[in-house]
Structure formats: C-alpha cells, structure tokens
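Residue-level structural notes
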Amino acid sequence: MAFIKINRENFFHNLSQFQLKTGSKESIAIVLKDNAYGHGLELMAKLSAEFGLTQAVVRTHDEAQKIKQYFKQILILGDKAVIDDSCSFAINSLEDIEKAQIGSRVELKVDTGMHRNGVAMDEIEEAIKRIEKRELILVGLMTHNRSADELSSELFWQQKNFEKAVSVTMSHVKNIRIHSYNSATSLRLPCNNQDTIRLGIGAYGYSELPAIYDTLDLKPVLSLWAKKISTRKLKKGERVGYGGQFIAPKDMTVSTYDLGYGDGWMRSNSFEPFVTAEGLPILGRVSMDYIVLESTKDEVCIFDNALSAGRELKTISYEVTTQLNKKLKRIVT
Ligand SMILES: *Cc1c(COP(=O)(O)O)cnc(C)c1O
C-alpha cells in the first residue's frame, strides 16, 4: 500500500527556525487541524511534544481528546465550548457565547477584516458583557489575517484593527493572551511581541509567500511513496488505463503502483500529467487505486515537496497534503 514518510529531523528543523523568531518553544502553538495537514494527528502531536512544544490548535474537541496527553493547552477553533481544563474554545460569533457551556474556557475571535469568523469590531464590548453574564472564562483574544501571504499592505491594516480590538478588550479584562499570527504573518513580522503564534503550514515546511518573504529556511516534512503491484511490457502504440489515454510512443516497460484518487492523490488532468519527484510522468489517467509509471522499482517517491507538487497540480501545498487519506501508513524517518 502507498505510504507516507515523515521526516522528524526536518520537522524539528522548521520548529527551531520559528523558535528563533518567537524566542521560546512555549510561545508556539502547533496547528494540528485536519489530521495535522494530512501528516497524521497523533503522530505529529507526539513529535511536537518530543520537540518541547506545549500548545496545539485543532478544529474540534474530538481531535483535542486524541492528543490531550501531549499538551498543556489546546485551542479549538470550531466547536461548541464545553468545560475542559486543558482546552479553550474560539468564540466565532455572539451566538457561540449563548451556546457555550457555563464555566467553559473561551477565546474571543475578532473579525478584523477577513469576514469569515469572529465577532465584529463594534460587537466586542457586547461580547465581553455576554461572556461575563454567561460565566464563561475568557482566556484569550485572537484574530486571523486574510492576506498575510500576499504582497500587500493589507496585513498592516488588519493588525491596526486588531490593536484597536486589543485596547478595547483590555479596558474591560486583564490577564488574557493575545494572538493573531499564522505562519505567513510569523515569516513577515517579528514574533517576539506575541504571547503565542499559531503555526501551521510553516511547521510542515512550506511557505506560500512571494520569494522576498523567504526569511526562514524551511524543509518539507512529508513525502508520498507508492509500491509496485505488477510490471508489463508495452509495444509501441498500445494504450494504458481508462480511456486508453496514454499511447506508448515506443516499446517500453511499465509498472502499476498502488496509489490513486482513493488515497487522496488528485486525479487531476491527464493531458498535463504529473511528474513524480523522480522525474516520471504519470502515464494516462489516475485510477481510484492505481497509477502507471515507466519504472520497475519496487517503491517510487511520488512527491517530496508539496509546494512544487501543488504548483504542478494547480493548487496549494495545504490541499496536496491535507487530502491524503488517513488510512495511508505514516512512517517516521
Ligand atoms: C489554519 C489556521 C492557522 C494556521 O495557518 P497557517 O497558514 O497554516 O500557518 C492559524 N490560525 C487559524 C485561525 C487557522 O484557522
């Protein structure tokens, strides 16, 4: 079966790079949502703890349950707040406050311009009032940037809005943590003024930023591998796979490998075939469980850099890794 290799050394290298910016391991919250961007939730939680991280971010309380043993503090981005000493829950709207269990720990998310989640700038005081009334424990104030990975000044406009949100909030409550940095923001700005950064894609070794923001040396953590099922000889003119789309231009030896869209590999466009890390174009269409390559090797590396793979597939690194099926075995190297 196709499998994934996780490079521990590269992961630790990336975390160290961000640690240089934050000044400490405690101020990095590793984002492990969506199966740790496809890398494997429990596995990456364990490696993060081994490195010395103490904080994580996930989407659901279910995910948090699976990795609780590894962290002191887990932020949950999109689930109903319940009482749990090791978790805090993002408040994405005024309604979230009403739904939250009395006594639960929450972090107020402010919409500083992304217009996706968070209470509006002019709802902050109302939100704080309601949080107090419902006896929730407010432990943080946060926002998310919409354009940190684009060459524009929008990030600074959002940061200004967030500063306003912070000062309004601080005039009502004390002792809460403040955070707004994802990977792209952490690459662009100094991080030593943040209680914590929420580090996702950068930890896995990618930056989708324009090259001028390549301020850190990041190394891809994940590579995808497939195993050989069978080998056959093709005569010139014979066709391969569904629709017979690939036509052998010469006599050649090809093998079938056990990777397909059922494993979370993209079917994509077979007229512009994906070229593997070893320089082999996928021959014809990607099936549910199989691809064909001109190779006889027992194992082939499909990609070892989701950033360049994503460019080839006309998408982003996040999507390439995140959709890799949970059932694929993850091996730490
Ligand atoms: C996913 C997410 C992050 C991490 O973003 P990266 O670009 O992967 O670093 C941070 N904060 C929030 C709220 C998120 O949803």
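Residue numbers restart at each chain and count upward from 1, following the sequence in its written direction. Only residues with pLDDT of at least 70 are given local features in this predicted model, and only at 80 or more are side-chain atom pairs given and counted; all residues enter the totals for whole chains, interfaces and linings. For side-chain calculations, the full set of non-hydrogen atoms in the structure is used, while hydrogens and water are omitted.

**So, the domain arrangement of the protein**
Accessible area lost upon the coming together of the parts is a frequently used measure of interface size. Filter applied, for reference: Segmentation of the chain into domains, including their bounds, is taken from an automatic or database domain assignment. Here, two residues are considered to be in contact whenever any of their heavy atoms come within 4.5 Å of each other. Here the buried area means the combined drop in accessible surface, using a 1.4 Å probe, for two parts upon being joined, counting both sides.
The domain architecture assigned to the protein consists of domain 1 (8–204) and domain 2 (222–332). Each of domain 1 and domain 2 has a C-alpha centre, and these two points are 37 Å apart. Every contact between the two is made by nine residues of domain 1 and, on the other side, eight residues of domain 2. Carbon and sulfur atoms make up 65% of the surface buried where domain 1 meets domain 2, a total of about 900 Å² over both sides.

**As for the site of the ligand**
What counts, and what does not: If a single non-hydrogen atom of a residue is within 4 Å of a molecule or strand, that residue counts as near it. Any N or O atom pair separated by 3.5 Å or less is treated as a polar contact, with the protein-specific requirement of one donor-capable and one acceptor-capable atom, and with residues adjacent in sequence counted only for side-chain atom pairs. Accessible areas in this description were obtained via Shrake-Rupley with a 1.4 Å probe; residue shielding takes into account the shown protein chains only. Cavity means a closed set of points on a 1 Å grid over the protein atoms alone, one where a 1.4 Å probe fits but cannot get out, pocket means an open set with protein on both sides within 12 Å along at least 5 of 7 lines, and lining means a residue has an atom within 4 Å of a point. To be counted as sitting in a cavity or pocket, a molecule needs more than half of its atoms within 2 Å of that site's grid points. When residues are grouped by polarity, Ala, Val, Leu, Ile, Met, Phe, Trp, Tyr, Cys and Pro land in nonpolar, Asp, Glu, Lys and Arg in charged, and all others, Gly among them, in polar.
Close to the ligand lie V31, K33, Y37, L77, K109, H144, N182, S183, R198, G200, I201 and Y318. In the environment of the ligand, a nitrogen atom lies 3.4 Å from a nitrogen or oxygen atom belonging to the side chain of H144. Contact distances for the ligand include 2.8 Å between an oxygen atom and a backbone N or O atom of I201. Burial of the ligand by the protein amounts to 93% of the accessible area it has alone, namely 390 Å². The pocket occupied by the ligand, as judged from atoms lying within 2 Å of grid points, is the largest pocket. Class assignment for the residues of the shell around the ligand results in five nonpolar, four polar and three charged.

**Some thoughts on the packing of aromatic side chains**
Stated formally: The criterion for an aromatic pair is that two Phe, Tyr or Trp rings (for Trp, the six-membered ring) have centres within 6.5 Å, with stacked assigned to planes under 30 degrees apart, edge-to-face to planes over 60 apart and tilted to the rest. Here a helix means four or more residues in a row that DSSP labels H or I, a strand means two or more in a row labelled E, and each is numbered from the N terminus. Any residue under 20% of the maximum accessible area for its type is buried, any over 50% is exposed, and the rest in between are partly exposed; the area is computed with a 1.4 Å probe on protein chains only. When the NZ atom of lysine or the CZ atom of arginine is within 6 Å of a ring's centre and also within 35 degrees of its normal, the charge is said to sit over that ring.
For the structure on display, the rule yields eight aromatic pairs. Both rings, one in F12 and one in F51, keep their centres 5.4 Å apart while their planes meet at 55°; by these two values the pair is tilted. Linking F12 in helix 1 (residues 8–22) with F51 in helix 3 (residues 41–51), this pair joins segments that are 39 residues apart in sequence. Pairing W265 with F274 gives two aromatic rings, centres 4.8 Å apart and planes at 75°, and the pair type is edge-to-face. Exposure class is identical for W265 and F274. Each is buried. An aromatic cluster is defined as three or more aromatic residues linked by ring pairs; in this entry it consists of F11, F12, Y37, F51, Y204 and Y318. When the ring centre of W225 is taken as reference, the NZ or CZ atom of K5 above it lies at 3.8 Å. Across the ring face of F51, the terminal group of K25 is positioned such that the distance to the ring centre comes to 4.6 Å.

**A look at helix 3**
Threshold: An arc is given here, and it is the one of the directions from the helix axis to the C-beta atoms.
Along helix 3, the residues that are buried comprise L41, M44, A45, L47, S48 and F51. All buried residues of helix 3 project into a common sector of 165° when viewed along the axis, lining one side. Taken together, the buried residues of helix 3 touch strand 1 (3–6), helix 1, strand 2 (28–31), helix 2 (33–37), strand 3 (55–58) and helix 4 (61–67). One or two residues past the end of helix 3 sits G52, with phi positive at roughly 115°.

**So, the environment of N14**
Structurally, N14 is set in helix 1. In sequence terms N14 and I30 are 16 residues apart; their C-alpha atoms lie 11 Å from each other. Excluding its chain neighbours within four sequence positions, the residues that come into contact with N14 are G202, A203, Y204, G205, D217, L218, K219 and V221. A distance of 2.8 Å separates the side chain of N14 from the backbone oxygen of K219, its partner in a polar contact.

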